[in-house]
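Observations on the three-dimensional arrangement
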Amino acid sequence: MNPTVRSLTSDRRDEALDVTDRAFDDTPRDYFQRHQSADPNWDVSQSLVVDDGGAIVGHLWIADRAMRYGEARVRFGGIADVAVDPAHRGRGHAGRLLDAAVQRMQADDQPLSLLSTGAPEVYAGRGWHPVPTSQLEAEFPSGDIEWAGGYVVRSFEAADLPAVMGIYADIAADRIGPLDRSEAYWLALMDWLPALSRGADVHFDVLVQVRSVVAYAVTELSDDTLTILDGGIQSENLAIPLLNVWRDRAAARGVTRLTGELHPASELFDLLRKRASATLKPTRHYMARLNSLHGALKSVVPEFIRRRRRMAPLPGPAFVLNVDGEAARIETPMVQVVIAEPVGNEPVVELTSGQFLDLYLGLPGGYQALDALDIPPHVDVYLRRLFPNSPFMYWRADRF
């Protein structure tokens, strides 16, 4: 019997979880079960499995999530828990799962896909492209860290959630990439994150001033490093009290190293650069895939309109984006943006899916691609207005 990819059913979920347990030596089985079950959008049918001769030998979960894109939201498939039983590797099962996942996402109107991986070559052949991010490397300062009083750091409580969500929304307002987190998702984070790494402690702290929550942070402390998983910190004076608490916790465990994923313009990185000799190193473990050009463009029309109102409300050109053979017409009448089928007489801008994703996600590679093309100046101007460079931001707490 040939291997078959099918949707997982509840009666065989334990078999699928056993496959993930055998495939990932460093991640407890309990994490996979919690991460899936606690997700507010989870359904067992989101998991695909490879059935080979009646035995489940491969597993993949398509998490149903939405990315913040300024004022818009983009639904995407988060590829997670991709596992092949070690005894059945080398037989093309991972490729079968990925091909089926692409078909499922396209059928379910998920125009994008995101994942994080230590083996990008596995996914590159199926259309995923690297999304550059920055890895923080720092050492806790040994001397005193002076700061103004009036702040208290304590553990998160459920009553803090509205304030925390407001801080997150303020930080993510103009960003591309942060997850659109519901109340249920926020509360579920603290169900699965503590199960991710054996022996690590996860802390969800809030910074309080006169009984008001003004900042928050989620960190993971292991025997090797303290890792920033999420940081709702908007100024240096808010970061310093948290840094003191982090250092005391780390010192009690003999840890001096601080890591995380931050963008260079963040207030938190600016503080750590000055106080903890922090540096940022480029990483390429995040990957994105374009499943539908029309779907990706239509999803972000509200943000396109906001950008036009801010920069160029007057009528602009109509032009066509052709991305690996899929074409979409972009019309820019007064204030509005309309996505439609080409009519045959507009200027055409041809991009690969990787170049388009760089442009769409606000990465420098998008402008580099435009610079290399012979585009009518008025079209080039509007492309850059619709797709300004804006650092992609994705917190480690949301990694699959």
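Just above, that's the structure.
Residues numbered from 1 in each chain as written. Predicted model: local features only at pLDDT ≥ 70, side-chain atom pairs only at ≥ 80, totals over all residues. Heavy atoms only, no water.

**Some details on empty space enclosed by the protein**
Selection rule: Two kinds of site are reported from a 1 Å grid over the protein atoms alone, namely cavities, where a 1.4 Å probe fits but cannot get out, and pockets, open sets with protein on both sides within 12 Å along at least five of seven lines, and residues are called lining when an atom falls within 4 Å of a point. Grid points are joined across faces, edges and corners, and a volume is the space filled by probe spheres set on the points. The numbering of helices and of strands both runs from the N terminus, where a helix is a DSSP run of H or I of at least 4 residues and a strand a run of E of at least 2. Only Asp, Glu, Lys and Arg are considered charged, only Ala, Val, Leu, Ile, Met, Phe, Trp, Tyr, Cys and Pro nonpolar, and every remaining residue, Gly among them, polar.
What the rule picks out here adds up to 2 cavities of 30 Å³ or more. Reported here for the largest cavity is a volume of approximately 40 Å³. Taken together, Leu 114, Leu 115, Ser 116, Tyr 286, Met 287, Phe 392, Tyr 394, Arg 399 and Phe 400 make up the lining of the largest cavity. Sorting the residues of the lining of the largest cavity by element identifies strand 5 (112–116) and strand 15 (286–290) as the ones contributing at least two each. Considering every element that reaches the lining of the largest cavity, the biggest residue donor is strand 5, with 3 residues. Looking at the lining of the largest cavity residue by residue, the classes come out as 7 nonpolar, 1 polar and 1 charged.

**Thoughts on the packing of helix 12 (residues 364–371) against helix 13 (residues 377–386)**
Definition in use: Comment: axis = line fitted to C-alpha atoms, over the contacting stretch for helices; angle = value between 0 and 180 degrees taken between N-to-C directions. For classification purposes, an angle smaller than 35 degrees is called roughly parallel, one larger than 145 roughly antiparallel, one from 65 to 115 roughly perpendicular, and anything else oblique. Only heavy atoms matter for contacts: two residues are in contact if any of them lie within 4.5 Å across the pair.
Between helix 12 and helix 13, whose axes approach to 11 Å, the crossing angle comes to 175°. Considering the angle they form, helix 12 stands roughly antiparallel to helix 13. Listed contacts from helix 13 to Tyr 367, Leu 370 and Asp 371 of helix 12 are Asp 380, Leu 383 and Arg 384. Taken together, the residues that form the contact of helix 12 with helix 13 break down as 3 nonpolar, no polar and 3 charged.

**Quick word on unusual backbone geometry**
Trans is the common state for peptide bonds, and a negative phi is the common state for residues other than glycine. Basically, it comes down to this: Relative accessible area decides the class of each residue, using a 1.4 Å probe on protein chains only: under 20% of the type maximum gives buried, over 50% gives exposed, and in between gives partly exposed.
Of note in the backbone geometry, Asp 81 takes a positive phi value of approximately 50° without being a glycine. Structurally, Asp 81 is set in strand 4 (residues 72–84). Using a relative accessible area of 7% as the deciding quantity, one classes Asp 81 as buried. In this structure, Ser 277 takes a positive phi of about 50° despite not being glycine. Tracing the backbone shows Ser 277 in the loop between helix 8 (267–275) and strand 14 (279–283).

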